[in-house]
Amino acid sequence: MRDIHHFIDGEARSGASGRFGDVFDPNTGEVQAKVALASAEEVDVAVQAAVRAQAEWGQVNPQRRARVMFEFKRLVEARMDELATLLSSEHGKVIADSKGDIQRGLEVIEFACGVPHAMKGEYTEGAGPGIDVYSMRQPLGVAAGITPFNFPAMIPMWMFGVAIACGNAFILKPSEKDPSVPVRLAELMMEAGAPAGVLNVVHGDKTAVDAILRHPAIAAVSFVGSSDIAHYVYREAAAHGKRCQAMGGAKNHGIILPDADLDQAVKDIVGAAYGSAGERCMALPVVVPVGEKTAGALRERLVDEVAGLKVGVSTDAAAQYGPVVNAAHRKRVEDYIQLGVDEGAELVVDGRGFALQGFEKGFFIGPTLFDRVTPQMKSYQDEIFGPVLQIARAETFEEALALPSNHAYGNGVAIFTRNGRAAREFASRVNVGMVGINVPIPVPVAYHTFGGWKRSAFGDANQHGMEGVRFYTKVKTVTARWPEGALEDSAFVIPTMR
Ligand code: NAD
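Residues numbered from 1 in each chain as written. Predicted model: local features only at pLDDT ≥ 70, side-chain atom pairs only at ≥ 80, totals over all residues.

Labelled according to an unreviewed UniProt entry, the protein chain appears under the name CoA-acylating methylmalonate-semialdehyde dehydrogenase, originating from Phenylobacterium terrae.

The structure is reproduced here in structure tokens:
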């Protein structure tokens, strides 16, 4: 049995807590590795290494730090196949999709290569008589990231790429469900020239997370995961005086106006609903056709498309999606399908009980389609996070706009239409953080910024782009004068520029 170690101060460290988690092969259902689960003491060892490393790393000039990012990008690209295969073997997503996971992370590394420009401060000459004012961005010190299972490459890179390029040291606590790729990324960061201790990977569960949230030497915590945990992390981090951004779950809607190019919209929605077995925070699990005619035509085409989907093992190049991450998650998704039935939604295609020949113990779920889902249903209100698409019909544009706007989650939303004015109005009024116009998965490019609204994100700073730079730096403002001549008297009144 393979053991997955922590990676602290530039080297692998065996777990000392005596506690381990199972890492499955979702294709076969078998346990393929044991991952060490850290104690608070082990987290502290990593933080001490990070504190030591950061003292020097923060002094390295920004261009040299950026060169480590350039080299890291080259190394990851050179190992793309190996990393994608490893990622798929623990997560279950198909290999082409794992490459996308890694590539979207690398795009943030590309942004991080340009961080010296983004960190430049501001300067005002002559802000007062003989007085100059300048501000600079300095690293926070040690930051930490707690990441979910569904993007084990991209989301760690969202965080450590920007944090480290800004001069911080980083503690990554990846998901214990698929922890191998994060360790490989840390090893490659060392190979790229990051000093030992600048990026540490500590595996674990709530014990490790709590140790991070309470550690006095950690200045900032970035979290991505489900909303209840995100809210908890946000509260605890704040209670311990830390900066925190905590991204949560999602329930993204795709609105289909009657004038949409329906053939294209259906292709887009099927890919966005079932890709990665629906285990994406930017998946499109709800589709909202406007008007009965649109709904009828949409449903007919969806049924055809769903019938043609190929579910397979993650190494099957012809498969559109693979298994979900573990048996508990499969049960959760199947329970939600039953709940939908019990609540009175119409189950058009039932993916439960799906078995793949030769892989009967794998965690597969067939594509599932519901119609006549309503906002009162719990199966509509909750995030299912599986290959389940729900049709929620609307009569009018206003009704369609209200559905995502009134939903508790507000991560992403998409509208499909040929009408620019309607799309513009929708984008302006919808109460959701990321909007796609004829784009089903509107994950912003790396130099823009990622973040939802409402229960999809706690805190006020988004991931990557300038928001990321602001999150991982603090501003220092210097007011300077160089007096000469006669002494000035003490001033007992606040100086103003009148
Ligand atoms: P999760 O909340 O179960 O786990 C996320 C992290 O929190 C993991 O590192 C885990 O070890 C830790 N954790 C779990 N339980 C904890 C507890 N009780 N106390 C402290 N820490 C705990 O999420 P997941 O199942 O790994 O990921 C799926 C979720 O992540 C979905 O809800 C999805 O929408 C969300 N997600 C959101 C975004 C986004 O940017 N908004 C991106 C990806 C995933």
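Colleague: I keep staring at the overall build of the protein chain and nothing clicks. Help me out?
Modeller: Broken down by element type, the protein chain carries 16 helices and 23 strands. Taken over the C-alpha trace, the protein chain has a radius of gyration of 25 Å; the compact-globule value for 498 residues is 23 Å, and the two agree within 12%. In terms of its C-alpha atoms, the protein chain occupies a principal-axis envelope of roughly 85 × 60 × 40 Å. With 498 residues in all, the protein chain has 51% of them scored as buried. Taking the contacts inside the protein chain whose residues are at least 6 apart along the sequence as the reference set, 72% of them involve residues at least 24 apart. (Helix = DSSP H or I, 4+ residues; strand = E, 2+ residues; numbered from the N terminus. Rg over C-alpha atoms; globule rule 2.2 N^0.38 Å. Buried ≥ 20, exposed ≤ 12 C-beta atoms within 10 Å, placed from the backbone. Contact = placed C-beta atoms within 7 Å.)

Colleague: It is not clear to me how helix α10 (residues 262-274) should be interpreted in this structure. Could you clarify?
Modeller: The periodicity of an α-helix, 3.6 residues per turn, causes residues three or four positions apart to be oriented the same way. Given a rise of 1.5 Å per residue, 13 residues ought to cover 18 Å, and the 18 Å separating the end C-alpha atoms of α10 matches this to within 8%. Burial in α10 covers these residues: A265, V266, D268, I269, V270, A272, A273 and Y274. S276 lies just past α10 and shows a positive phi near 55°. (Expected span 1.5 Å × (residues − 1).)

Colleague: Before we go on, may I ask you to explain the site of the ligand in this structure?
Modeller: P148, G225, S226, G249 and C281 are the nearest of the 26 residues found near the ligand. Looking at the shell around the ligand residue by residue, the classes come out as 11 nonpolar, 10 polar and 5 charged. If you count residues domain by domain, the shell around the ligand takes at least three from each of domain 1 (2-248 + 456-478) and domain 2 (253-437). (Near = placed C-beta within 6 Å. Nonpolar A, V, L, I, M, F, W, Y, C, P; charged D, E, K, R; others polar. Domains from an automatic or database assignment.)

Colleague: I tried to follow the confidence of the model for the protein chain on my own but got confused; where do I start?
Modeller: Low-pLDDT portions of the prediction should not be read for the details of their coordinates. On average, residues of the protein chain carry a pLDDT of 97, and 100% of them reach 70 or more. The complex prediction reports pTM at 0.97, with the ipTM value standing at 0.99. (pLDDT = per-residue confidence, 0-100.)

Colleague: What exactly am I supposed to notice about the UniProt feature "domain: Aldehyde dehydrogenase" (unreviewed entry) in the protein chain here?
Modeller: Those residues carrying the UniProt feature "domain: Aldehyde dehydrogenase" (unreviewed entry) are residues 21-478 in this numbering. Helix makes up 42% of residues 21-478 and strand 20%, whereas the separation of the span's terminal C-alpha atoms amounts to 49 Å. (UniProt positions renumbered as here; feature names shortened; annotations may be inferred.)

Colleague: Explain the packing of helix α2 (residues 62-78) against helix α4 (residues 95-113) to me, please; I cannot follow it from the model alone.
Modeller: Two packed helices can be described by the angle between their axes and the distance between those axes. Packing of α2 against α4 leaves a shortest axis separation of 8 Å and a crossing angle of 160°. As the angle between them shows, α2 and α4 are arranged roughly antiparallel. Where α2 crosses over α4, the two elements pack in a sense that is left-handed. Where α2 abuts α4, its residues A66, M69, F70, F72, K73 and V76 lie against I102, L106, I109, E110, A112 and C113. Considering only residue class, the contact of α2 with α4 consists of 10 nonpolar, no polar and 2 charged. (Axes fitted to C-alpha atoms, helices over the stretch in contact; angles between N-to-C directions. Parallel < 35°, antiparallel > 145°, perpendicular 65-115°, else oblique. Left-handed = near helix turned anticlockwise from the far one by under 90°.)

Colleague: Just checking my understanding: could you explain the environment of K454 for this structure?
Modeller: As for its placement among the helices and strands, K454 is situated in strand β21 (residues 453-454). Residues K454 and S227, spaced 227 residues apart in sequence, show a C-alpha to C-alpha distance of 9.9 Å. For K454, the residues in contact, after removing those within four places along its chain, are A408, Y409 and G410.

Colleague: Explanation requested: unusual backbone geometry in the structure shown.
Modeller: Leave glycine aside and you will find that most residues have negative phi; peptide bonds, for their part, are mostly trans. Positive phi, close to 55°, is recorded for D9, a residue that is not glycine. Given 18 C-beta atoms within 10 Å, D9 falls into the partly exposed group. For F385, which is not glycine, the phi torsion reads 65° and is therefore positive. With respect to the helices, strands and loops of the structure, F385 is situated in the loop between α13 (378-381) and β17 (388-391). Exposure remark for F385: the 24 C-beta atoms within 10 Å place this residue in the buried category.

Colleague: Can you walk me through the sheet that holds strand β14 (residues 286-289) in this structure?
Modeller: In sheet architecture, strand pairing relies on hydrogen bonds along the backbone and comes in two forms, parallel and antiparallel. Spatially, the 7 strands line up as an open sheet ordered β15-β16-β17-β14-β13-β19-β20, and their pairing is mixed. Every other strand in the sheet has two partners, leaving β15 (346-349) and β20 (434-437) as the edge strands with one partner each. Strand-to-strand, the axes of this sheet are offset by a mean angle of 20°, without reference to chain direction. In this structure, strand β13 (residues 253-256) lies alongside β14, joined through 4 bridges in parallel fashion. Bridge assignment links I255 to a residue of β14, and that residue is V288. Those strands touched by helix α12 (residues 327-342) are β15, β16 (368-371) and β17, and its axis lies near 25° from that of β17. (Pairing = 2+ DSSP bridges.)

Colleague: Looking at this structure, I do not really get the domain arrangement of the protein chain. What am I missing?
Modeller: Much of the literature gives interface size as the accessible area that the parts lose upon coming together. Here the protein chain is partitioned into domain 1 (2-248 + 456-478) and domain 2 (253-437). Taking only C-alpha atoms into account, the centre of domain 1 sits 31 Å from that of domain 2. At the junction of the two partners, domain 1 supplies 18 residues and domain 2 supplies 25 residues. Top contributing element to the side of domain 1 that touches domain 2 by residue count: helix α3 (residues 80-91), with 3 residues. Taken together, the residues of the side of domain 1 that touches domain 2 sort by class into 6 nonpolar, 9 polar and 3 charged.

Colleague: I tried to follow the packing of α4 against helix α6 (residues 154-165) on my own but got confused; where do I start?
Modeller: At a closest axis distance of 8 Å, the pairing of α4 and α6 adopts a crossing angle of 15°. Overall, the two elements α4 and α6 adopt an arrangement that is roughly parallel. You can see that α4 and α6 cross each other, and the crossing is right-handed. Across from D101, R104, G105, L106, V108, I109 and A112 in α4, the residues of α6 making contact are M154, M157, W158, G161, V162 and A165. Among the residues making up the contact of α4 with α6, the classes are represented as 9 nonpolar, 2 polar and 2 charged.

Colleague: What is the right way to look at the nonpolar core in this model?
Modeller: With 88 residues, the main nonpolar core has V162, F170, I171, I212, V221 and V233 as its most contacted residues. Among the elements that take part in this core, α6 stands out by supplying 10 residues, more than any other. Discounting residues that sit within four places of it in the chain, V233 has contacts with I146, L213, V221, F223, C244 and A246. Core analysis: the next-biggest nonpolar cluster, separate from the first, contains 60 residues, I256, V270, M282 and A394 among them. (Core = buried A, V, L, I, M, F, W, Y, C linked by C-beta atoms within 7 Å.)

Colleague: Could you clarify how one ought to interpret the pairing of strand β8 (residues 142-146) in this entry?
Modeller: Regular strands have side chains that alternate between both faces of the sheet. Summarising burial for β8: 5 of the 5 residues are buried, a large majority. Neither face of β8 is open: one carries V142, A144 and I146, the other A143 and G145, and all of them are buried. Alignment of β8 against strand β9 (residues 169-173), held across 5 bridges, turns out to be parallel. Note that in β9 the partner of A144 across the bridge is I171.

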